[in-house]
Amino acid sequence: MPSVKLKHHSPQPDTITSSSSSVRLLSRETLRISASLASPPDDDLPLLSPPSPDSQFLHSTLRLICCEEIDGRRFKYVAETDGSSGGFKKNSVRSISLHSPQTPFDVCQEVGSFLRSYVVPEGFPGSVNESYVPYMTWRALKHFFGGAMGVFTTQTLLNSVGASRNSSASAAVAINWILKDGAGRVGKMLFARQGKKFDYDLKQLRFAGDLLMELGAGVELATAAVPHLFLPLACAANVVKNVAAVTSTSTRTPIYKAFAKGENIGDVTAKGECVGNIADLMGTGFSILISKRNPSLVTTFGLLSCGYLMSSYQEVRSVVLHTLNRARFTVAVDSFLKTGRVPSLQEGNIQEKIFTFPWVDDRPVMIGARFKDAFQDPSTYLAVKPFFDKERYMVTYSPTKGKVYALLKHQANSDDILKAAFHAHVLLHFMNQSKDGIPKSVEQSDPAFAPMEYELESRIAESCEMVSTSYGIFKSRAAEQGWRMSESLLNPGRARLCHVKEGE
């Protein structure tokens, strides 16, 4: 009886290769997602590398939330979906850079941009006219020759007070003195990167500069107690005092401009500097008289410093500016929400806070914020987004940070930025009212309330209704009082929300 051969369908090599490849890819992506979810969420959201074209398993668990652009670089924000509830997992927002790894050319461009931020104004060349470049070129050449000449004049002055021309001690003293002055110039150069802060926060910077001036003077006095540390202390003091000098010089012109009523800013500046020099000479004479009685150095310095700082505070407080920077904008909006009127120029400038430092981001309202700072929970973003579909901005509140964030969209113009700032202050006003109604015992036991406890959506709806009816009224009443509003003086951030498709 002939034997019957059973056909056994053995897998083809191509099928085996395809199956094993799929298994390996699935395992690799599963481990990658698990490791990403196991890492604790950070305030600085980690940047994930762009997914490879064959990572189809990654897109099955991460969903696109929005896209953001800042300084020409774009980021996608994605969130982990929850298969059981159909929503999103909390604190699962991740950012993915849409840019390939930096090339040496890109690094050189970033270094060039960093250096340009020290030597040219923001927005250059569009922010200045064509005569700026030749003027600054000749000015730099003038200071080059002046700096070289200063070395010889310093050495000559030291020789004139009795040091021998060939003495090595004279050369050492001259070098130490030149190093001290050089350190001061470096500090002056580094602080110049503050840029437009000198325009919109000039009162705060002016007073901070005077504080630094007194700090530098105190360090100089400390050299008497530790003479062997003269050079490092003198260098540190000169750095601090030159930073203060940059602040004083940069804020002087805008202040004098506020006083001038016509084309007489040069005359106003000249007379103002003359008054300052006369007072300086009188103070010098006064110090010479009292120094003959050998008063206590510490006591004298303390009294004179108190007088200096008190005068500086009253000096900047007395300046009446017509522009609305962040501090004066806050005063104006708060007064409008509480009383229905916009303060006058005099009232707004007097109520402006001077004891704040522009480089410290502790303000309750952040304009032009990044998405990762404003939202940690994707569900909150999706709940807030519909309220601002017709606007070129959106605002939200972070209960854990106690701040209102205004996010600007890519098409936002000057009026949109001003409206976003106004809306952010309105929302902060409503959130503070809600917080005032919470018992202190509850607030102390759980200071970080969830958005639902604050009824974030209902508060945003109320704020949208108020802004739609009151923003125009606020602008007209501010103009009646003589205020000039500009979005640049509010110092908005550079981040912008932009549109991106899922398959992009």
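Residues numbered from 1 in each chain as written. Predicted model: local features only at pLDDT ≥ 70, side-chain atom pairs only at ≥ 80, totals over all residues. Heavy atoms only, no water.

- Under the annotation held in an unreviewed UniProt entry, the protein carries the name Protein root UVB sensitive 6 isoform X1 and is attributed to Camelina sativa.
- Per its UniProt entry, the protein bears the Sequence similarities (unreviewed entry) comment "Belongs to the RUS1 family." (UniProt positions renumbered as here; feature names shortened; annotations may be inferred.)

### Concerning the nonpolar core
Then step 1. Core analysis: the largest hydrophobic core is formed by 56 residues, its most contacted members being Phe329, Phe371, Met394, Leu407, Phe422 and Phe474.
Then step 2. No other element matches helix α14 (residues 414-436), which puts eleven residues into this core.
Then step 3. Excluding residues that lie within four positions of it along the chain, Leu407 makes contacts with Ala369, Phe371, Ala374, Phe375, Tyr393, Met394, Thr396 and Leu497. (Core = buried A, V, L, I, M, F, W, Y, C linked by side-chain atoms within 4.5 Å. Buried < 20%, exposed > 50% of the residue type's maximum accessible area, 1.4 Å probe, protein only. Helix = DSSP H or I, 4+ residues; strand = E, 2+ residues; numbered from the N terminus. Contact = heavy atoms within 4.5 Å.)

### Focus: the pattern of salt bridges
Oppositely charged side chains are able to pair whenever their charged atoms sit close together.
Then step 1. A complete count under the given rule lists 14 salt bridges for this structure.
Then step 2. Lys241 is the partner of Glu220 in a salt bridge, and the nearest nitrogen-oxygen pair spans 3.2 Å. Here Glu220 is found in helix α6 (residues 202-222), whereas its partner Lys241 is found in helix α7 (residues 230-259), with 21 residues between them in sequence.
Then step 3. Of the residues examined, Glu220 reaches a relative accessible area of 34% and is grouped as partly exposed. (Salt bridge = Lys/Arg side-chain N within 4 Å of Asp/Glu carboxyl O.)

### Here's the deal with unusual backbone geometry
Then step 1. Positive phi values are uncommon outside glycine, yet Asn294 reaches one of about 50°.
Then step 2. Looking at the element boundaries, Asn294 is found in the loop between α8 (265-291) and α9 (297-317).
Then step 3. A positive phi angle is found at Asn491, which is not glycine, with a value near 55°.
Then step 4. Positionally, Asn491 belongs in the loop between α16 (456-480) and β8 (496-498).

### Some remarks on the layout of surface pockets
Empty pockets left among the atoms are what a rolling probe the size of a water molecule brings to light.
Then step 1. What the second largest pocket holds in volume is close to 1200 Å³.
Then step 2. In terms of lining, the second largest pocket is formed by 35 residues, of which the most central are Asp210, Gly276, Ala279, Asp280 and Tyr308.
Then step 3. Secondary structure elements with two or more residues in the lining of the second largest pocket: α6, α7, α8 and α9.
Then step 4. Among the elements that make up the lining of the second largest pocket, the one with the highest residue count is α8 (twelve residues).
Then step 5. Here the lining of the second largest pocket is composed, by residue class, of 14 nonpolar, 13 polar and eight charged. (1 Å grid on protein atoms, 1.4 Å probe; cavity = no way out; pocket = protein on both sides within 12 Å on 5 of 7 lines; lining within 4 Å. Points joined across faces, edges and corners; volume = space filled by probe spheres on them. Nonpolar A, V, L, I, M, F, W, Y, C, P; charged D, E, K, R; others polar.)

### Remarks on the packing of aromatic side chains
Then step 1. Scanning the model with the defined rule gives 14 aromatic pairs in all.
Then step 2. Taken together, a centroid distance of 5.9 Å and an interplanar angle of 80° make the contact between Phe329 and Phe474 edge-to-face. With Phe329 in helix α10 (residues 326-339) and Phe474 in helix α16, the pair connects residues that are 145 residues apart, well separated along the chain. Residue Phe329 shares its accessibility class with Phe474, and that shared class is buried.
Then step 3. Grouping aromatic residues by their ring pairs yields a cluster made of Phe329, Phe336, Phe422, Tyr471 and Phe474.
Then step 4. Positioned above the aromatic ring of Phe75 is the side chain of Arg370, whose terminal nitrogen or guanidinium carbon lies 5.0 Å from the ring centre. (Phe/Tyr/Trp six-rings, centres within 6.5 Å; stacked < 30°, edge-to-face > 60°. Lys NZ or Arg CZ within 6 Å of the ring centre and 35° of its normal.)

### Some thoughts on the environment of Lys89
Then step 1. On the secondary structure map, Lys89 appears in the loop between β3 (73-80) and β4 (94-97).
Then step 2. Judged by its relative accessible area of 34%, Lys89 falls in the partly exposed class.
Then step 3. Distance from Lys89 to Pro378, taken between C-alpha atoms, is 8.1 Å for residues 289 residues apart in sequence.

### Comments concerning a nonpolar patch on the surface
Then step 1. On the surface, Trp138, Leu141, Phe144 and Phe145 cluster together to form a nonpolar patch covering roughly 510 Å² of accessible area.
Then step 2. Along the chain, Trp138 falls in helix α3 (residues 132-160). (Patch = residues over 30% accessible without salt bridge, like charges linked within 9 Å, V, L, I, M, F, W, Y side chains within 5 Å. Areas by Shrake-Rupley, 256 points an atom, 1.4 Å probe, with all protein chains shown as cover.)

### Some thoughts on the environment of Val268
Then step 1. Positionally, Val268 belongs in helix α8.
Then step 2. Between the C-alpha atom of Val268 and that of Tyr256, which follows or precedes it by twelve residues, the distance is 6.5 Å.
Then step 3. Residues in contact with Val268, not counting those within four places in the same chain, are Tyr256, Phe259 and Ala260.

### Observations regarding the side chain of Lys419
Then step 1. Along the chain, the position of Lys419 falls in helix α14.
Then step 2. Lys419 gets classed as buried once you look at its relative accessible area, which sits at 17%.
Then step 3. Setting aside anything within four residues of it in sequence, one finds Lys419 in contact with Glu391, Tyr393, Val467 and Tyr471.

### Digging into the packing of α6 against α9
For any two helices packed against each other, the geometry is given by the interaxial angle and the distance between the axes.
Then step 1. For the pair α6 and α9, interaxial distance at closest approach is 9 Å and the crossing angle is 170°. Regarding the angle of α6 to α9, the classification is roughly antiparallel. Across from Lys203, Arg206, Phe207, Asp210, Leu211, Met213, Glu214, Ala217, Gly218 and Leu221 in α6, the residues of α9 making contact are Leu297, Phe301, Ser305, Tyr308, Leu309, Ser312, Tyr313, Glu315, Val316 and Arg317.
Then step 2. Within the contact of α6 with α9, the residues separate by chemical class into eleven nonpolar, three polar and six charged. (Axes fitted to C-alpha atoms, helices over the stretch in contact; angles between N-to-C directions. Parallel < 35°, antiparallel > 145°, perpendicular 65-115°, else oblique.)

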